[in-house]
Amino acid sequence: MTLFPTMFPGPLGLSLAGKALNSGIWNLKTLDIRNFAPNKSRSVDDYPFGGGSGMVMRPDVVDTALEAVADRPGPRLYPSPRGAIFDQSWAKILAKEPGAVIFCGRYEGLDERVIKARKLKEVSIGDFVLSGGEPAALIIMDALIRLLPGVLRTTTALTEESFENGLLEYPLYTHPRNWNGIIVPEILTSGDHAKVKAWKRLEAESITRKRRPDLWKQYMKNKDK
């Protein structure tokens, strides 16, 4: 649900997500919020009570738009800096839903009353502010789509990437083995699968400990259980 339907599918119409869309693994329907404006000018916003900069999306317009998709399955998501941080564990949960409705806000945001009345789940992709919810919606959708069966060529790719097992991903290397005098770690070309696996785990732990102390703390906590 957006004021700018042409922003979708955007990048999700390309690469693996695009192929999955064309093959019917996932589908998308956009709804123009302005279609539910009560006036000829199709305005969906008004000045905020109590003053302040910017405009606020009207609750009557938003509620009417949401009522039009009342029969759609899944949670109602509202990308917002106030929301809980979207992460891989949340993506896995949402990917199992039969669908989702994502409301892309604009201006300063939505009237608080309609957020509560419609039980919109506020979700944040990070501690920063965007011009609208559309880029955030695309990111959320991308994270979900790649988890759907048949999108990736192999499920192994999902088990060895960042945030699986609470760690960031280990370093990656490919040909040529010698690039500008920098040699690929010898253990990766040894053919010893057990040692390679152990190396990957140690490297993932080292990177996580240095770069994401928050993840490392939670990883160690879970490891001690």
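Structure: above.
Small disclaimer: the values here were computed from a predicted structure and weren't measured. Within any chain, residue numbers begin from 1 and follow the written order of that chain's sequence. Owing to the predicted nature of the model, reporting of local features is limited to residues with pLDDT of at least 70; listing and counting of side-chain atom pairs is limited to 80 or more, with chain, interface and lining totals taken over all residues. As a convention, hydrogens and water are excluded, and side-chain values are obtained from all of the structure's heavy atoms.

A look at the overall build of the protein
In this description a helix means any DSSP run of H or I spanning at least four residues, a strand means any run of E spanning at least two, and both kinds are numbered starting from the N terminus. Looking only at helices and strands, one finds eight helices and seven strands in the protein. Taking 17 Å as the expected radius of gyration for a compact globule of 225 residues, we find that the protein reaches 22 Å, considerably beyond that expectation. Taken over the C-alpha atoms alone, the protein extends approximately 70 × 40 × 40 Å along its principal axes. Buried means the residue's accessible area, taken with a 1.4 Å probe over protein chains only, is under 20% of the maximum for its type, while exposed means over 50%, and partly exposed covers the values in between. A total of 225 residues make up the protein; the buried ones form 36% of that total. Restricting the contact set of the protein to residue pairs at least 6 apart, pairs at least 24 apart contribute 70%. Accessible area for the protein stands at about 14,200 Å²; split by element, carbon and sulfur atoms hold 54% of it. Positive and negative charge centroids in the protein, built from 32 and 26 side chains respectively, lie 3 Å apart. Based on C-alpha atoms, the radius of gyration is set beside the globule rule, defined as 2.2 Å times the residue count to the power 0.38. By the convention used here, residues are in contact when the closest approach between their heavy atoms is within 4.5 Å. To measure how exposed things are, a 1.4 Å probe is used in the Shrake-Rupley method; for residues, cover is taken only from the protein chains shown. Working convention for charge: Lys and Arg count positive, Asp and Glu count negative, and His plus the chain ends are omitted. Where a charge lies is defined by one atom per residue type, namely NZ (Lys), CZ (Arg), CG (Asp) and CD (Glu).

Comments concerning the sheet that holds strand β3 (residues 76–85)
At least two DSSP bridges between two strands are required for those strands to pair. In spatial order, the strands read β4-β3-β5; together these three strands make up an open sheet with parallel pairing. Of all strands in the sheet, those with a lone pairing partner are β4 (101–102) and β5 (121–124), marking the two edges. Pairing of β3 with β5 involves five bridges; the strand directions are parallel. Residue Tyr-78 lies in a different strand from β5, and its bridge partner there is Glu-122.

A word on the packing of aromatic side chains
Pairing of aromatic side chains here covers Phe, Tyr and the six-membered ring of Trp, requires ring centres within 6.5 Å, and sorts the geometry by plane angle: under 30 degrees stacked, over 60 edge-to-face, intermediate tilted. Under the defined criterion, the tally for this structure stands at two aromatic pairs. Ring centres of Phe-86 and Trp-90 lie 6.0 Å apart, and the angle between their planes is 45°; on these two criteria the pair is classed as tilted. Neither residue differs from the other here; Phe-86 and Trp-90 are each classed as buried. Judged by centre distance (5.3 Å) and plane angle (35°), the ring pair of Trp-216 and Tyr-219 falls under tilted. With Trp-216 and Tyr-219 both in helix α8 (residues 213–223), this residue pair falls three residues apart, about one helical turn. Directly above the aromatic system of Trp-216 lies the positively charged group of Arg-209, at a separation of 5.4 Å from the ring centroid. Consider the ring centre and the ring normal. A charge sits over the ring if Lys NZ or Arg CZ is within 6 Å of that centre and within 35 degrees of that normal.

Topic: helix α1 (residues 15–22)
Among the residues making up α1, those that are buried are Ala-17, Gly-18 and Ala-20. For α1, the angular spread of the buried residues around the axis is 160°, confining them to a single face. Those residues of α1 that are exposed and angled more than 90 degrees off the buried face are Ser-15, Lys-19 and Asn-22. On its buried face, α1 is in contact with α5 (134–145). Note on α1: the residue one or two positions beyond its end, Gly-24, has a positive phi of about 90°. The arc under discussion is defined with respect to the helix axis, by the directions toward the C-beta atoms.

With respect to the environment of Ala-70
Topologically, Ala-70 is positioned in the loop between α2 (59–67) and β3. Remark: the alpha-carbon pair of Ala-70 and Val-129, spanning 59 residues in sequence, is separated by 29 Å.

A short note on the nonpolar core
In summary, soluble globular proteins display a tendency toward joint burial of nonpolar side chains. Put simply, buried Ala, Val, Leu, Ile, Met, Phe, Trp, Tyr and Cys residues joined by side-chain atoms within 4.5 Å make one nonpolar core. Ranked by internal contacts, the top residues of the largest apolar core, which has 23 residues, are Leu-12, Phe-86, Ile-102, Met-141 and Ile-145. For this core, the secondary-structure elements that each account for two or more residues are α1, α3 (88–95) and α5. The element best represented in this core is α5, accounting for seven residues. Sequence-distant contacts of Ile-145, that is, excluding residues within four places in its chain, are made with Leu-12, Ala-17, Trp-26 and Val-151. In this structure, Met-1, Met-57, Leu-110 and Leu-120 belong to the second largest nonpolar core, which totals 19 residues.

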